[in-house]
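Overview (structure and organization)
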Amino acid sequence: MTIEELYRTMAQKMGPQPWLKPGTPWAETPVEIILGAILVQNTNWRNVEPSLINLKRETAFDPAQLRQLTPETLVSLIKSSGFYQRKGAAILALANWLGQSDDDLGALKQRDGASLRQDLLGITGIGNETADYILMYTLDHGTFMVDTYARRLFAWLGATMPKTYPAFQKQVLARFSLELADYQEFHALIDEFGKQVKSDEDFAQSFLAGQRLTL
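A short tour of the structure in this document, coming up.

Scoring rules and cut-offs
- Residues numbered from 1 in each chain as written.
- Predicted model: local features only at pLDDT ≥ 70, side-chain atom pairs only at ≥ 80, totals over all residues.
- Heavy atoms only, no water.
- Helix = DSSP H or I, 4+ residues; strand = E, 2+ residues; numbered from the N terminus.
- Rg over C-alpha atoms; globule rule 2.2 N^0.38 Å.
- 1 Å grid on protein atoms, 1.4 Å probe; cavity = no way out; pocket = protein on both sides within 12 Å on 5 of 7 lines; lining within 4 Å.
- Points joined across faces, edges and corners; volume = space filled by probe spheres on them.
- Nonpolar A, V, L, I, M, F, W, Y, C, P; charged D, E, K, R; others polar.
- Phe/Tyr/Trp six-rings, centres within 6.5 Å; stacked < 30°, edge-to-face > 60°.
- Lys NZ or Arg CZ within 6 Å of the ring centre and 35° of its normal.
- Core = buried A, V, L, I, M, F, W, Y, C linked by side-chain atoms within 4.5 Å.
- Buried < 20%, exposed > 50% of the residue type's maximum accessible area, 1.4 Å probe, protein only.
- Contact = heavy atoms within 4.5 Å.

1. Some thoughts on the overall build of the protein chain
Helix and strand counts for the protein chain come out as 13 helices and zero strands. Reading the protein chain from its N end, one meets helices and strands in the order α-α-α-α-α-α-α-α-α-α-α-α-α. A globule of 215 residues ought to have a C-alpha radius of gyration of about 17 Å, and the protein chain, at 18 Å, matches this closely. With the C-alpha coordinates aligned to their principal axes, the bounding extent of the protein chain is approximately 55 × 35 × 30 Å.

2. Thoughts on the layout of surface pockets
Roughly 920 Å³ of volume is contained in the largest pocket. Looking at the largest pocket, it is lined by 31 residues, and the ones nearest its centre are Trp19, Val40, Tyr133, Asp191 and Lys195. Looking at the lining of the largest pocket, the elements with two or more residues in it are helix H2 (30-39), helix H9 (128-138), helix H10 (148-156) and helix H12 (180-196). Tallied by class, residues from the lining of the largest pocket come to 13 nonpolar, twelve polar and six charged.

3. A word on the packing of aromatic side chains
The description of two aromatic rings rests on the distance between their centres and on the angle between their planes. Inspection of every chain in the model, using the stated rule, returns eleven aromatic pairs. Judged by centre distance (6.1 Å) and plane angle (90°), the rings of Phe176 and Phe186 are edge-to-face. Here Phe176 is found in the loop between helix H11 (165-173) and H12, whereas its partner Phe186 is found in helix H12, with ten residues between them in sequence. Members of the aromatic cluster, connected to one another through ring pairs, are Tyr7, Phe144, Phe154, Phe168, Phe176, Tyr183 and Phe186. A cation sits over an aromatic face here: Lys79 above Tyr84, 5.3 Å from the ring centre.

4. Focus: unusual backbone geometry
Positioned with a positive phi, Ala60 is a non-glycine residue whose angle comes to about 55°. Note on placement: Ala60 falls in the loop between helix H3 (45-59) and helix H4 (63-67). If you check the backbone angles, Asp102 has positive phi at about 55° while not being a glycine. Positionally, Asp102 belongs in the loop between helix H6 (84-100) and helix H7 (105-109).

5. Considering the nonpolar core
The nonpolar side chains of a soluble globular protein tend to be buried, and buried together. One finds Leu6, Leu94, Phe144, Phe154 and Phe186 to be the most contacted residues of the largest nonpolar core, which totals 67 residues. Setting aside its immediate chain neighbours within four residues, Leu94 contacts Ile34, Ile38, Leu120, Ile123, Ile126 and Ile134.

Next comes the structure, spelled out in structure tokens:
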């Protein structure tokens, strides 16, 4: 199957994914999503939620209020997420970056996606995956996210992919083009599939068993 056929098959078999849709927990505002993207690095969501509760109480997820926090205060609010020094520095740097555009996400959305991505990657503590997550779920620039679940799924489907994130992503994007909502849904489907299908044995029993990806 082609990559687009893979997406359509997963969407048909698994149905719409509620992840990060309006009204879902911790997705009520773009800044919540951005903070969650940083805090969830190298940990699980259970550890992130207490940090978000603290940040909401202290700042209402307002970038201007985030910028008023000292590094020490911010670290104390996000300790449950681990790696709090690095994540705190990334949050403050990102809040400052938003401030350069007067915290106007609408204006940022009008910018070229590649330029925005370079800005995000220039912030210490934000790598390829987090940058793409922010781009796709808060700044309306669709792309393909190369996370652990995507790598594992493509391997199960017999695809030999590049080891580096940019090369893997480039190879996928060269073979199909989707609308923003479809890119978002594809990522959610891959991650949900990965959470349910955790081993070779699981995959052999899944609806994708026996399929091969053509690239």
